[in-house]
Amino acid sequence: MADNEEAAVADMVGLVVDDTVCIGIGRCEMLEPDVFFVNDDAIAQVSSDVRLARSRANEIVMECPSGAISIQKTTSDEQGN
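What counts and what doesn't
Residues numbered from 1 in each chain as written. Predicted model: local features only at pLDDT ≥ 70, side-chain atom pairs only at ≥ 80, totals over all residues. Heavy atoms only, no water. Helix = DSSP H or I, 4+ residues; strand = E, 2+ residues; numbered from the N terminus. Polar contact = N/O pair within 3.5 Å; in protein donor to acceptor, adjacent residues only side chain to side chain. Salt bridge = Lys/Arg side-chain N within 4 Å of Asp/Glu carboxyl O. Core = buried A, V, L, I, M, F, W, Y, C linked by side-chain atoms within 4.5 Å. Buried < 20%, exposed > 50% of the residue type's maximum accessible area, 1.4 Å probe, protein only. Contact = heavy atoms within 4.5 Å.

Description of the side chain of Asn-39
Thought 1: Turning to its location among the elements, Asn-39 is positioned in the loop between β3 (36-38) and β4 (44-46).
Thought 2: Here Asp-41 takes part through its backbone nitrogen, which lies 2.8 Å from a polar atom of the side chain of Asn-39.
Thought 3: Among the polar contacts listed, one links the side chain of Asn-39 to the side chain of Gln-45, at a separation of 3.4 Å.

The structure is reproduced here in structure tokens:
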């Protein structure tokens, strides 16, 4: 794998939804239907262990009207790597 491909893969992040903050508008599902769905309780959930480019993930975080979406912390994030 070329260095730029490795950097692109390394810059992929997961997203999480705080179900105590989500208001179920569904904007996330509209923007990334392969990543999010709104469940029967009108709360957004992440569909699976899908990862997005950090730049796209940041856009999704900013688009959430309730601020319920965040970028998933990784072990390397917590260690400052």
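Quick notes on the pattern of salt bridges
Two side chains that carry opposite charge are able to pair once their charged atoms sit near each other.
Thought 1: Within this structure, the stated rule accounts for four salt bridges.
Thought 2: Across the pair Arg-54 and Asp-11 runs a salt bridge whose closest N-O atoms are separated by 3.1 Å. Of this pair, Arg-54 sits in helix α3 (residues 54-63) while Asp-11 sits in the loop between α1 (3-10) and β1 (12-13), and the two are 43 residues apart along the sequence.
Thought 3: Overlapping salt bridges, with partners in common, bring together Glu-32, Arg-56 and Glu-59 in one network.

Points about the nonpolar core
Thought 1: With 16 residues, the main nonpolar core has Leu-15, Val-17, Phe-36 and Ile-69 as its most contacted residues.
Thought 2: Listed by contribution, the elements that provide at least two residues to this core are β2 (15-17), α3 and β6 (69-71).
Thought 3: The residues contacting Val-17, other than those within four sequence positions of it, are Cys-22, Phe-36, Ala-44, Val-46, Ala-68 and Ile-69.

Some details on unusual backbone geometry
Thought 1: In this structure, Ala-42 is a non-glycine residue whose phi angle is positive, near 60°.
Thought 2: Note on placement: Ala-42 falls in the loop between β3 and β4.
Thought 3: Looking at Ala-42, the relative accessible area reads 36%, which means it is partly exposed.

Bear in mind that shape data such as this cannot, by itself, settle questions of function.
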